Amino acid sequence: MTDISLVLPFALPPSELGNDLIRALNMPALASLLTRHSGLQYKTFDNDSCALPHESWLAHALGLASAPDRPDTAAPLATAVMRGCGLQAEAAEGHWFMLQPAHVHISRTHMLLSDLRGLQLSEAESRSLYELARPYCEEIGKPLLHGAPGLWFLRANDWSGLRTATPDATVTQSMSDWLPEGEHAREFRKLQNEIQMLWHEHPVNEARQASGLQPVNSCWLWGGAGPAAPTSQLAIAGGTEWMQALAAQPATVEQLIAQPGAAMLGDLIAPAQVGDWSDWLARMQRLELQWFTPLLAALKAGRIPRVKLVLSHRSGWTTVSSSASAQRKFWRKPTLNPLLKQS
C-alpha cells in the first residue's frame, strides 16, 4: 500500500483575499488534513518563471524535468501531450512545440493573452483555422499537426533553444514580457504575424464575433520537447485539453483509494486565473464533498497510510502530509489557516 499525493493548482488563495475567502468556506475535512498533519512546508516560486508551480511539478512527476522548483524552460510537455492525442509515431522524432490558437487583447500600453479556455473552440473552427495555417508552416519547413480543438503541434528542430512560457504563466501578465526568447525568436514572430494575417477577418472569426465570442487573432508557442518518454503515470481530472491528454487515467477518489498514487485536480485553475472567486469557492466546496471527505474517512479507517496535499498558486506551494496517527492529534483544532501561511 502506497501513499496518495493530491495536487491542487490554485487551491491557495491570493494573500490579499485569503482571509475573506477562507471565512466563506465550510471545509472540515480539508481543515483536518491541513491542521492534524505530520509535516507542512511552504516553498516560494519565482514569479518570473516560464511555468507555474503545478506545471513544473507535473513535468517533474512525469520524468520530463529534473526538479519541480527550478524550471529552466517552460515545462517540456509537447511530445508527451502528442502521445496523449494519438500522435505517438510523430512524437518519436524531432523537437515539437505546442502551438495554440489564442485571443490577444491589444491596448495602447500593452498586450494581454486571454485565457485560452475562454476561446471555446469547436472542432470545426479549430480545423478551419488549422488548414489555413498548415500550408504556411510546411512551406517554411515547420510541419503542423492537429491534436485536438485548439491544441496543435509544430515541429521545429532548429528552435529547440527557444525559451517559451506556458499560456497560464502569461495570461495575467504583459504579454510582451513573455514572448519566446532566443536565437530563433524573430523567426517565430514572423510565423505568428503571418498566421495572424491569414486569420484576419476570416469567416470563422466573423461568426464568432457575431455570437459574442472572442476572435482568434494570434497563436501561442510553448512546451518545446524532444522525443523522451515520460517515466511515470498520473491521474488527472479537470484542467485544460493538454492536461487531459497527459492523464494515464481519469482521476476519481474511489480509484485513488483503491490504487494509491498521484493525481492532479485542475478544477480551480480557470476561476483563479480570471479572478472569479465565487466560482472558486463553489468548486472548493465540491472538492470538499467529492475528495477531501472520502480521503479523510479512508485515512482514519486505515484504508490508506498517508495523504499528501500539494496546494499551489502562482508564487509557491504548500505541501502537507497527514496519516491516521496524525489525525489523532485531537488537541489541534481544525482550521483552514494553513492556506494563508505562505512564508
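Residues numbered from 1 in each chain as written. Predicted model: local features only at pLDDT ≥ 70, side-chain atom pairs only at ≥ 80, totals over all residues. Heavy atoms only, no water.

Enquirer: Can you lay out the pattern of salt bridges for me, pointing to particular residues and giving the numbers?
Expert: All chains considered together, the criterion is met by ten salt bridges. Between Glu123 and Arg127 there is a salt bridge, with its nearest N and O atoms 2.9 Å apart. One end of the pair, Glu123, and the other, Arg127, are both in helix α6 (residues 123–139), four residues apart, so they sit about a helical turn from each other. Take Glu123: its relative accessible area is 39%, and that puts it in the partly exposed class. The class for Arg127 is partly exposed, based on a relative accessible area of 37%. A salt bridge links Lys142 to Asp158, with the nearest nitrogen and oxygen atoms 3.3 Å apart. On the criterion of sequence distance, the pair formed by Lys142 in the loop between α6 and β6 (144–148) and Asp158 in the loop between β7 (151–155) and α7 (167–170) is long-range, its members being 16 residues apart. (Salt bridge = Lys/Arg side-chain N within 4 Å of Asp/Glu carboxyl O. Helix = DSSP H or I, 4+ residues; strand = E, 2+ residues; numbered from the N terminus. Buried < 20%, exposed > 50% of the residue type's maximum accessible area, 1.4 Å probe, protein only.)

Enquirer: Hey, could you go over helix α9 (residues 203–210) for me, with residue numbers and the actual values?
Expert: Buried residues of α9: Val204, Asn205 and Arg208, and no others. For α9, the angular spread of buried residues about the axis comes to 90°, placing them on one side. What points out from α9, more than 90 degrees from its buried face, is the exposed set Pro203 and Ala210. Positive phi appears at Gly212, one or two residues downstream of α9, with a value of about 85°. (Arc of directions from axis to C-beta.)

Enquirer: A description of a negative patch on the surface should follow, citing residues and the corresponding values.
Expert: Together, Asp46, Asp48, Asp177 and Glu181 make up a negatively charged patch on the protein surface. Of note, Glu181 is situated in the loop between α7 and α8 (185–199). (Patch = residues over 30% accessible without salt bridge, like charges linked within 9 Å, V, L, I, M, F, W, Y side chains within 5 Å. Areas by Shrake-Rupley, 256 points an atom, 1.4 Å probe, with all protein chains shown as cover. Lys, Arg positive; Asp, Glu negative; His and termini not counted. Charge placed at Lys NZ, Arg CZ, Asp CG, Glu CD.)

Enquirer: Break down the sheet that holds strand β12 (residues 306–313) for me, citing the residues and quoting the values.
Expert: Strands belonging to one sheet form pairs held by backbone hydrogen bonds; the direction of such a pair is parallel or antiparallel. Ordered by their spatial adjacency, seven strands build an open sheet running β2-β13-β12-β1-β11-β9-β10, and the pairing between neighbours is mixed. Both edges of this open sheet fall to β2 (39–44) and β10 (249–250), since each of them pairs with a single strand only. As defined by bridge partners, strand β1 (residues 4–8) adjoins strand β11 (residues 262–265) across three bridges and the pair is classed as parallel. The residue of β11 that forms the bridge with Ser5 is Ala262. Along the sheet face, helix α13 (residues 277–300) touches β1, β11, β12 and β13 (316–323) and points at about 160° away from the line of β1. (Pairing = 2+ DSSP bridges. Contact = heavy atoms within 4.5 Å. Axes fitted to C-alpha atoms, helices over the stretch in contact; angles between N-to-C directions.)

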